[in-house]
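Overview (structure and organization)
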Amino acid sequence: MGPSPQTQNPGQGHQDRDVYLAQDTSDLIGIQADLSSSESDTDLDSDDTAIFEINSHSTRRLESAPLITNHRRLPSADEDDGDHEPDGVLRPAEDEEKPVTWSSLPKKGQLAILTLARLSEPLTQTSLQAYMFYQLKSFDPSLPDSKISAQAGILQGSFTAAQFITAVWWGRLADAEWMGRKRVLLIGLMGTCLSCVGFGFSRSFATAMVFRTLGGILNSNVGVMRTLVAEIIAEKKYQSRAFLLLPMCFNIGVIIGPILGGSLADPINSFPQFFGPGSTFGGKEGVWWMQRWPYALPNLLSAIFIFASFLAVFLGLDETHEIARYRRDWGRKLGKRITRAWSRRPRHYRPLTRSRDDDSIYTDSVGTWSTPSSPARSRVHPRPHKKLGFRQIWTRNVILTLVAQFLLAFHTSAFNSMTFVFLPAPRAPENSRQGLFHFGGGLGLPSSRVGLATAIIGFIGLPLQIFLYPRIQTKLGTLTSFRTFLPFSPIAYVLMPFLVILPRIPWIVWPSFTFVVSLQVISRTFILPAAIILVNNCVTDPSVLGTVHGVAQSISSGARTLGPFLGGWGLGLGLENNMIGAVWWALAVESLLGWVMLWSISEGKGIERKKDETEDEE
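Residues numbered from 1 in each chain as written. Predicted model: local features only at pLDDT ≥ 70, side-chain atom pairs only at ≥ 80, totals over all residues. Heavy atoms only, no water.

**Looking at the overall build of the chain**
Inclusion rule: In DSSP terms, a helix is any run of H or I states spanning at least four residues, a strand is any run of E spanning at least two, and both are numbered starting from the N terminus. Buried means the residue's accessible area, taken with a 1.4 Å probe over protein chains only, is under 20% of the maximum for its type, while exposed means over 50%, and partly exposed covers the values in between. Here, residues are in contact when the closest pair of their heavy atoms is within 4.5 Å.
Of regular secondary structure, the chain possesses 21 helices and four strands. Sorting the 618 residues of the chain into buried and exposed places 44% on the buried side. Put simply, of all contacts in the chain between residues at least 6 apart along the chain, 73% involve residues at least 24 apart.

**Considerations on the pattern of salt bridges**
Quick reminder of the rule: Salt-bridge detection follows one rule: a side-chain nitrogen of Lys or Arg within 4 Å of a carboxyl oxygen of Asp or Glu.
A full pass over the atoms with the stated rule returns four salt bridges. With a closest N to O distance of 2.6 Å, E231 and R181 form a salt bridge. Here E231 is found in helix α6 (residues 221-232), whereas its partner R181 is found in helix α4 (residues 180-200), with 50 residues between them in sequence. We note that E231, like R181, is buried. Among the salt bridges present, the one from D318 reaches R332, with a minimum N-O distance of 2.5 Å. Taken together, the residues D318 in the loop between α12 (296-316) and α13 (330-342) and R332 in helix α13 connect sequence positions 14 residues apart. Overall, the relative accessible area of 31% leaves D318 in the partly exposed class. Residues joined in a network through salt bridges with shared partners are D175, R181 and E231.

**Here we look at the UniProt feature "transmembrane region" (unreviewed entry) in the chain**
This is how the line gets drawn: UniProt positions are given in the numbering used here, feature names are shortened, and annotations may be inferred rather than shown by experiment.
UniProt records the feature "transmembrane region" (unreviewed entry) for residues 184-202, 208-230, 242-265, 295-317, 393-414, 450-469, 490-510 and 582-601 in the present numbering. In residues 393-414, the share of helix is 86% and the share of strand is 0%. The end C-alpha atoms are 30 Å apart. Each end of residues 490-510 is marked by a C-alpha atom, and these two atoms are 20 Å apart; helix forms 52% of the span and strand 0%.

**Section: the confidence of the model for the chain**
To keep it simple, the criterion reads: Looking at any residue, its pLDDT shows the predictor's confidence there, from 0 to 100.
With 74% of its residues at a pLDDT of 70 or more, the chain has an overall mean of 76. Confidence, read as mean pLDDT per element, is least for strand β4 (residues 361-362) in the chain (38) and greatest for helix α17 (residues 488-495) (95). The low-confidence segment residues 352-380, where pLDDT is below 50, has 43 contacts with residues more than four positions distant or belonging to other chains. This stretch, residues 610-618, has a pLDDT under 50; its non-local contacts, to residues over four places away or in other chains, come to 17 contacts.

**Description of the nonpolar core**
Side chains of nonpolar character tend, in soluble globular proteins, to be buried together. We count it as follows: Among buried residues, those of type Ala, Val, Leu, Ile, Met, Phe, Trp, Tyr and Cys that are joined through side-chain atoms within 4.5 Å constitute a nonpolar core. All domain edges in this entry derive from an automatic or database-based domain assignment.
Counting 53 residues, the largest nonpolar core has L114, L185, L189, V313, L317 and L402 as the members making the most contacts within it. No other element matches the six residues that α6 contributes to this core. Of the residues that make up this core, three or more belong to each of domain 1 (108-324) and domain 2 (396-600). Apart from the residues within four sequence positions on either side, L317 is in contact with Q110, I113, L114, K182, L185, L228, A312, D329 and R332.

**Let's talk about the packing of aromatic side chains**
Aromatic rings in a pair are described by how distant their centres are and how their planes are angled relative to each other. For clarity, the cut-off: Two rings belonging to Phe, Tyr or Trp (six-membered ring only in the last case) form a pair when the distance between their centres is within 6.5 Å. Interplanar angles under 30 degrees mark stacking, angles over 60 mark edge-to-face geometry, and anything in between is tilted. Only lysine NZ and arginine CZ atoms are considered, and such an atom sits over a ring when it is within 6 Å of the ring centre and within 35 degrees of the ring normal.
Enumeration according to the criterion identifies 18 aromatic pairs in this entry. One aromatic cluster is present, formed by F201, W288, W289 and W293 through successive ring pairs. Note that R241 overlies the ring of W102, its terminal NZ or CZ placed 5.4 Å from the centroid.

**As for the environment of A414**
Here A414 lies in helix α14 (residues 396-422). Assessed through its relative accessible area of 1%, A414 is described here as buried. Along the sequence, A414 and A559 sit 145 residues apart, while their C-alpha atoms lie 8.9 Å from each other. Beyond its immediate chain neighbours, meaning those up to four positions away, A414 contacts G563, P564 and L587.

**What about α12?**
Definition in use: The span you would expect from a helix comes to 1.5 Å times its residue count less one.
Compared with the 30 Å implied by 1.5 Å per residue over 21 residues, the 30 Å span of α12 between its first and last C-alpha is a close match. Every buried residue of α12 is listed here: A296, L297, P298, N299, S302, A303, I306, S309, F310, A312, V313 and G316.

**Here we look at the environment of F513**
With respect to the secondary-structure elements, F513 resides in helix α18 (residues 506-537). Sequence separation of F513 and A492 is 21 residues, and the distance between their C-alpha atoms is 9.9 Å. In this structure F513 touches L423, L443, A453 and L499, once residues within four positions along its chain are discounted.

**As for α6**
Helix length check: α6 (12 residues) gives 16 Å between terminal C-alpha atoms against 16 Å at 1.5 Å per residue, within 8%. Where burial is concerned, most of α6 is hidden: 12 out of the 12 residues are buried. All buried positions along α6 are accounted for by N221, V222, G223, V224, M225, R226, T227, L228, V229, A230, E231 and I232.

**Regarding the packing of α12 against α13**
How we decide: Geometry is summarised by axes, namely lines fitted to C-alpha atoms with helices restricted to the contacting stretch, and by angles between N-to-C directions that run from 0 to 180 degrees. Angle categories are assigned with fixed cut-offs, so that under 35 degrees is roughly parallel, over 145 is roughly antiparallel, 65 to 115 is roughly perpendicular, and the rest are oblique. Classes in brief: Ala, Val, Leu, Ile, Met, Phe, Trp, Tyr, Cys and Pro nonpolar; Asp, Glu, Lys and Arg charged; the others, Gly included, polar.
The geometry of α12 relative to α13 is characterised by a closest axis approach of 6 Å and an angle of 90° between their N-to-C directions. In terms of orientation, α12 lies roughly perpendicular with respect to α13. Residues F314, L315 and G316 of α12 form the contact with α13, whose own contacting residues are G331, R332, L334, G335 and I338. By residue class, the composition of the contact of α12 with α13 is four nonpolar, three polar and one charged.

Laid out in structure tokens, this is it:
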């Protein structure tokens, strides 16, 4: 007889229990192997839950809902780790090899809003230039043309001078946590709108001066927009196209603005059949307010366009400040509600999504479940890190980059101003030329031909910016393309005065003028976006990005105030002393100094966030 249970060896009992456990473990391993082999035939986007009952050696399987992964498939263990980002998200390797195109720009909706807002300023400025002389003349018809020209220069300078004084402080406010980028941009757009309306309804030079100065004080849009573009487009491979959108608006404004301003100014005399006495809209005596304020209509149209861009920014633009973007944005919430109202879907079903505030899964359909967010899983707001002191911002590379920005803005603005004086200036007498350098006069073009010359500048620049610049900049790089194309400007400045000694034959003058202007436009197309990118990339701390862009705008405004003033003064001296080329050649020397300075500048790394962080925000 075998031993009874009471007399069984304790060690033997332990051995038998280990045998049973080993059998159970082997059964579990076999079941798991079966499950792992069967999982290869199932969808990778779902998880199966297996419940094991050891005593009965049976298994029950529960089918689960598809795993929500922000529309990305989680990789399996058998897949190569080389195509994974650190967050475990599978991304195809061929995406990295795709060339950057306009259609591949991320966050195109945000960029479109900024483009609309940026277009409003050059459109208003170029429209204003078409009729400013005549509006000032209407204030006091007894003033001579020389006095009117001086007043026009003062009005132009007051706007840029006010920007020069206040742009730095607006940049500091854009970096402040309680203000942010979006609020500063909204203030700038509203200030420009009010300034435009006030200028249109001005009845004296003093009133016009006040409103132009007010517009410059409140307008810091360019610096803030550059900051927004830098933070919206985090990856450097997209910067060549993203930062090109802002200068591109200038060429569009040069083409459209003068046409709108010139056609809508003094509408009673321009369109008497619509607004004059006995007309469609004028009645018996004509539109009374157009008679009292004949230059208000183009300003009103510009103000409407600016206000439309204000609404687009208020409703559709996201805040990008590292702290202020977590603040409640009532305008953005209203914009989303309007968007949902226009694209309403059936409410009985809505796909499961992952909450932006936490990692819980929720659904907004009627009668379905939702998981409330818990404080432990809610979004953690980043703590504001210590800001750099104002003196700590100014490293050697930052200072040299800003000096190059000043020299660039100086000679480009002086060229634009001098060209519109040089083209209509009367030609010099035939026998006034003495030697190779002593000659004077201008091209003597009528006003209609000056408008044609303006259109030529715009039509040359726009296709270059859209089609040629992004490809060449991608191949050469930002700093190399800057150094390569900047010398085209001094060549154009050297050749420009020699146009006056050409035979007065249209088929000789116009092709020559187009060639010289093309050199400057090609140069400007490549160097203006490059200068913006260099300023942006010399900043390494996001807390001072708005400040540096504000300083850059302030410096550019100062250069755009000083350049036309000195250029006009030098052009007058050249006309008096029969040496019109002196001021052009001095401008060429100044631009060459800026080119030499580029060799002491290094392109910084800028503020480039990680790719997975950017995609999570999208």
